[in-house]
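# Close look at the chain arrangement
Given next are the chains, with one letter for each unit.
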Amino acid sequence: MDKEFLVALVSMAGTIIGSFGGIVTSTKLTNFRLEKLEQKVDKHNRFAERMPVLEERLKVLNHRIEDLERGHCDENQ
């Protein structure tokens, strides 16, 4: 076997292994980032689900405060 041919085969094997390693590493990093983003989205969605409940409770509390204020004003007059 010629030395040049052997060097070419070793170079080709190194290039293939290096490229494959880079692709695997990049894929792992992308998957990690996607998982973190999904966690943030889930956290936001839970917050968004609770907001209408809080808004409804605030509305009820505001009505109760208004009723109490009206009752208190009626007693003073």
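Anything mentioned here points back to the structure above.
Residues numbered from 1 in each chain as written. Predicted model: local features only at pLDDT ≥ 70, side-chain atom pairs only at ≥ 80, totals over all residues. Heavy atoms only, no water.

### Some thoughts on the pattern of salt bridges
What counts here: We define a salt bridge as a contact between a side-chain nitrogen of Lys or Arg and a carboxyl oxygen of Asp or Glu at a distance within 4 Å. Strands here mean DSSP runs of E at least two residues long; helices mean DSSP runs of H or I at least four residues long; both are numbered from the N terminus. Remark: exposure states derive from per-residue accessible area (1.4 Å probe, protein chains only) relative to the maximum for the residue type, with buried under 20%, exposed over 50%, and partly exposed in between.
Evaluation of the coordinates by the stated rule reveals 3 salt bridges. A salt bridge links Lys59 to Glu56; the shortest N-O distance between them is 4.0 Å. Note that Lys59 and Glu56 are positioned in helix α1 (residues 3–76) at a spacing of 3 residues, about one turn of the helix. Classification of Lys59 as partly exposed rests on a relative accessible area of 47%. Residue Glu56 is classed as partly exposed on the basis of its relative accessible area of 43%. Glu66 is paired through a salt bridge with Arg70; the nearest N and O atoms lie 3.6 Å apart. You can see Glu66 and its partner Arg70 sitting in helix α1, 4 residues apart, about one turn around the helix.

Shape is all these values report; function is a separate question.
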